[in-house]
Amino acid sequence: MHISNDIRYIGVNDHQIDLFEGQYVVPNGMAYNSYVIMDEKIAVLDTVDRHFGAEWFANLEKELGGRQPDYLVVHHMEPDHSANIGNFAAKYPNAKIVASLPAFNMMKNYYETDFPAQKMVVKEGSTLALGKHTLTFIGAAMVHWPEVLMSYESTEKALFTADGFGKFGALDVEEDWACEARRYYIGIVGKFGAQVQTVLKKAAALDIQTICPLHGPVLTENLGYYINLYDIWSSYAVESEGVMIAYTSVYGNTKKAAEYLAEELEAKGCPKVVVCDLAREDMAEAVEDAFRYGKLVLATTTYNGDIFPFMRTFIDHLTERNFQNRKVAFVENGSWAPVAAKVMAKALEGSKNIEVAGTVTIKGALKEENKLQLAELADSMMQ
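Not measured: the values here are computed from a predicted model. (Residues numbered from 1 in each chain as written. Predicted model: local features only at pLDDT ≥ 70, side-chain atom pairs only at ≥ 80, totals over all residues. Heavy atoms only, no water.)

A. Expanded view of the packing of helix α6 (residues 193-203) against helix α7 (residues 223-234). The contact between α6 and α7 brings their axes to 8 Å, and the two run at 145 degrees. Crossing geometry of α6 relative to α7 is assigned as left-handed. When α6 is examined against α7, the residues Gly193, Ala194, Val196, Gln197 and Leu200 are found in contact with a partner set consisting of Ile227, Tyr230, Asp231 and Ser234. When its residues are assigned to classes, the contact of α6 with α7 shows five nonpolar, three polar and one charged. (Axes fitted to C-alpha atoms, helices over the stretch in contact; angles between N-to-C directions. Helix = DSSP H or I, 4+ residues; strand = E, 2+ residues; numbered from the N terminus. Left-handed = near helix turned anticlockwise from the far one by under 90°. Contact = heavy atoms within 4.5 Å. Nonpolar A, V, L, I, M, F, W, Y, C, P; charged D, E, K, R; others polar.)

What follows is the structure, given as structure tokens:
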């Protein structure tokens, strides 16, 4: 795939993987993106996962057409992008390896060397002249590792964004970008919203016509759409109006309460109601929806004097990713000593700008008085 006459795609698709980073279900696989800029000097931009080294080198050699690369630019040291640095260094001993100082320090962890004979350290504002193309490096620490650099090529007006603007899914599968990019962002980058905001401010000063991430498709049209979504996600703003109801239920009574509340919200004109059984649905999808919508209801049973494990895990995922700026309500159930609402509220104490809309307590089965309380809670959530 040619991104332009001089920028070529040499990445690979991975349909062998079932869990990305050991936890995220990826039914459509993953893409490990890599690029080469052909000029007077040739720069290869990042490598790929270790399982695809042979395919990646074949793609590279096809584009090189017998020439030798001059540089390997390392934007990010996660192994799905850096696993072939050692093989590249051995195959092309005259090529320079271009990376941040923290990246070279990480290379010692993976390769027991920082390739001193080939080492070229760059930082924010450094440039790499290739001929008619020049890369300018942009610091992107903690998006989402500390060594990350992005780079901007001024002739093609292309921004190479490391894991920024990435998504789940291989490139030979067509699917909606936002859904899998949102799940990818919230799960992997979501904790680092402030750092993403910093990079977005830097990018705003650039004339960008192409975004080249390390996962997912190269973006060339309607870039404002993608950048706006990143601005929403990284500022923890509300993307879509609606209510998510996340519940766990042992014997079905809390489930009935969640479903009744959903019916009440829909009857009152709520634009979107999402109901999620945390024990059965993909946790990453559930976390994604909690960040997407502006209002969240947490409904669970009291369990061992605490809350049901799936709810505990869900809230941990939220707070780990700086969940904030939301209206939240609690529904608790307990046959003799319900404490779930108190536990959930305490778990969210460190979250910023959380408005508590109310609490409904059920003891055992859902009763008429509980239905009235849920209807009042729906009114509170709709305000």
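After presenting the structure, the write-up continues.
B. A look at the sheet that holds strand β6 (residues 35-37). Sheet architecture is open: six strands sit in the order β1-β6-β7-β8-β9-β10, paired in mixed fashion. Edge positions in the open sheet fall to β1 (7-9) and β10 (119-121), since each of these has one partner strand only. Within this sheet the neighbouring strands show an average axis-to-axis angle of 25 degrees, counted without direction. Summarising the sheet, strand β9 (residues 96-99) and β10 pair through three bridges and their orientation is parallel. In the sheet register, Ala99 faces β10, and the bridge partner there is Val121. Each of β9 and β10 touches helix α4 (residues 101-111); the most contacted strand, β9, lies at about 115 degrees to it. (Pairing = 2+ DSSP bridges.)

C. Quick look at the packing of aromatic side chains. Using the criterion set out here, one finds 21 aromatic pairs in the structure. Ring geometry for Phe165 against Tyr230: centres 4.1 Å apart, planes inclined by 20 degrees, an arrangement best described as stacked. Pair noted here: Phe165 is in the loop between β14 (158-160) and α5 (177-189) and Tyr230 is in helix α7, with a separation of 65 residues, a long-range link. Each ring, one from Tyr230 and one from Trp233, has its centre 5.5 Å from the other, and the planes form 50 degrees; the classification is tilted. (Phe/Tyr/Trp six-rings, centres within 6.5 Å; stacked < 30°, edge-to-face > 60°.)

D. View of the sheet that holds strand β11 (residues 127-129). Overall, mixed pairing links the five strands, which are arranged β11-β12-β13-β14-β15 in an open sheet. Every interior strand has two partners, whereas the edge strands, β11 and β15 (210-212), have only one. This sheet shows a mean twist of 20 degrees between the axes of neighbouring strands, independent of strand direction. The pairing of strand β13 (residues 149-153) with β14 spans three bridges and is classified as antiparallel. Across the sheet, Ser151 pairs through a bridge with Phe160, a residue of β14.

Purely geometric stuff here, so don't read any function into it on its own.
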